[in-house]
Amino acid sequence: MASSSVTPLLVTVSILICSIVATSAGNFYQDFDITWGDGRAKILNNGDLLTLSLDKTSGSGFQSKNQYLFGKIDMQLKLVPGNSAGTVTAYYLSSQGPTHDEIDFEFLGNLSGDPYILHTNVFSQGKGNREQQFYLWFDPTADFHTYSILWNPQSIIFSVDGTPIRQFKNSESIGVPYPKNQPMRIYSSLWNADDWATRGGLVKTDWTKAPFTASYRNFNANACVISSSGASSCTSSSKNGNSNAWLEEQLDSTSQERLKWVQKNYMIYNYCSDSKRFPQGLPPECAAA
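It should be emphasised that the depicted structure is a prediction, and the values quoted were computed from it without experimental measurement. (Residues numbered from 1 in each chain as written. Predicted model: local features only at pLDDT ≥ 70, side-chain atom pairs only at ≥ 80, totals over all residues. Heavy atoms only, no water.)

What follows covers the overall build of the protein. The helix and strand inventory of the protein stands at 3 helices and 15 strands. Per-residue burial over the protein gives 55% buried out of 289 residues. For the protein, the computed accessible surface area is about 12600 Å², with 47% contributed by carbon and sulfur atoms. (Helix = DSSP H or I, 4+ residues; strand = E, 2+ residues; numbered from the N terminus. Buried < 20%, exposed > 50% of the residue type's maximum accessible area, 1.4 Å probe, protein only. Areas by Shrake-Rupley, 256 points an atom, 1.4 Å probe, with all protein chains shown as cover.)

In structure tokens form, the structure reads like this:
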């Protein structure tokens, strides 16, 4: 489970992945394993819908059967409605171990009528502290919306309904580690984090509103699948052709303008602007950005 030692939020949803195989239009039975929750996670509608629930006893979670190295992943989520204060819905990619890589979406719940906070983070070789947080320009509890991650050797792009909200560029040339060697699985969980999630922990979870439920559908991965032996479904020959155009994809001018619009109007926290947090100087990728 992704952890947050600072007030910001993390969520992981859509990721581009290099694949010689056809795009995987998801069936939850085929693509995921429910990993915890004692029946609180359910796969419904012949595998087309997955729900996670949280009550005072436990939350729930699932993970992908496959692990990936680069690609594009989309998932549609409908978040916990009403008074969701204290709850966190996390959707992320992660490898394992003390020097793990991770690409995170986390949705921080709030009181009825107050907006969710979308928290993003990128870990490379075990180091995170790269939080950016956003409000959304719609109610994420009223309907399903698509959360995506494009992950290629040049950059990681977080998008919501096709609109980019964040780009983390490969800055290895200035000494910033970049996730490129460790295969990652997709994870998602719904859990209680009322010690920090809403207004820094001031607002607690109202258990009279339980169970809290988040819903998932339309998982789609165009991805390099990494086998247990370390072999990739992507080959050098597969990197030629339109099916893997995402491997070189960057933001075009229109997407760059949309990114600027989101960051101007909906970004509420940016680690690259938090000089008090980094008294010795902002991280080097901030200057590059």
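Back to the write-up after that little detour.
Our next topic: the layout of surface pockets. Here the second largest pocket is characterised by a volume of approximately 220 Å³. Lining the second largest pocket are 14 residues, with L150, I157, S159, G162 and E249 sitting closest to its centre. Counting only elements with at least two residues in the lining of the second largest pocket, the list comes to β10 (145-151) and β11 (155-160). Among the elements that line the lining of the second largest pocket, the one with the most residues is β10, at 3 residues. (1 Å grid on protein atoms, 1.4 Å probe; cavity = no way out; pocket = protein on both sides within 12 Å on 5 of 7 lines; lining within 4 Å. Points joined across faces, edges and corners; volume = space filled by probe spheres on them.)

In terms of burial, strand β12 (residues 163-169) is largely enclosed, as 5 of its 7 residues are buried. Pairing of β11 with β12 involves 6 bridges; the strand directions are antiparallel. Directly across from V160, in β12, lies its bridge partner T163. As consecutive antiparallel partners, β11 and β12 are separated by 2 residues, and within that stretch D161 has a phi angle of approximately 50 degrees, a positive value. (Pairing = 2+ DSSP bridges.)

The peptide bond linking A210 to P211 adopts the cis configuration, its omega dihedral lying at 5 degrees. Summarising the element assignment, P211 is placed in the loop between β13 (184-192) and β14 (212-226). Positive phi is not limited to glycine here, since Q125 has a value of about 55 degrees. Along the polypeptide, Q125 turns up in the loop between β8 (117-123) and β9 (132-134).

The next point concerns the pattern of salt bridges. Close approach of charged atoms lets side chains of opposite charge pair. Evaluation of the coordinates by the stated rule reveals 7 salt bridges. Note that R277 is salt-bridged to E131, the shortest N-O span being 2.7 Å. Placement of the pair is R277 in the loop between β15 (267-270) and α3 (284-288) and E131 in the loop between β8 and β9, with a sequence separation of 146 residues. Linking K180 and E172 is a salt bridge whose minimum nitrogen-to-oxygen distance equals 3.1 Å. Given a relative accessible area of 33%, K180 falls into the partly exposed group. (Salt bridge = Lys/Arg side-chain N within 4 Å of Asp/Glu carboxyl O.)

The next subject is the packing of aromatic side chains. Taken as a whole, this structure holds 18 aromatic pairs when the rule is applied. An angle of 5 degrees between the planes, with centres 6.4 Å apart, marks the rings of F105 and F107 as stacked. Aromatic ring contacts, followed pair by pair, group F28, F32, F62, Y216 and F219 into a single cluster. (Phe/Tyr/Trp six-rings, centres within 6.5 Å; stacked < 30°, edge-to-face > 60°.)

A separate point is the pairing of β13. Of all 9 residues that make up β13, 7 are buried, and the element is covered over most of its length. Here strand β5 (residues 60-78) pairs with β13 via 4 bridges, running antiparallel. Pairing of G61 across the sheet is with S189, part of β13. Examined bridge by bridge, strand β6 (residues 87-94) and β13 share 8 bridges and lie antiparallel to one another. Bridging from a neighbouring strand, Y92 pairs with Y187 of β13.

Among the secondary structure elements, H145 is positioned in strand β10. We classify H145 as buried; its relative accessible area is 14%. Among all residues touching H145, those that are not within four sequence positions of it are M75, Q76, L77, F138, D139, P140 and D161. (Contact = heavy atoms within 4.5 Å.)

Mean pLDDT over the protein stands at 89; residues scoring 70 or higher make up 88%. Predicted confidence for residues 1-23 stays below pLDDT 50, and this span has 142 contacts to residues more than four positions away or in other chains. Within the model, the stretch residues 237-241 combines pLDDT values under 50 with 5 contacts to residues more than four positions away or in other chains. (pLDDT = per-residue confidence, 0-100.)

Relative to the assigned elements, N270 resides in strand β15. Exposure remark for N270: the relative accessible area of 17% places this residue in the buried category. Ignoring any residue separated from it by four or fewer positions in sequence, one finds N270 in contact with E131 and Q132.

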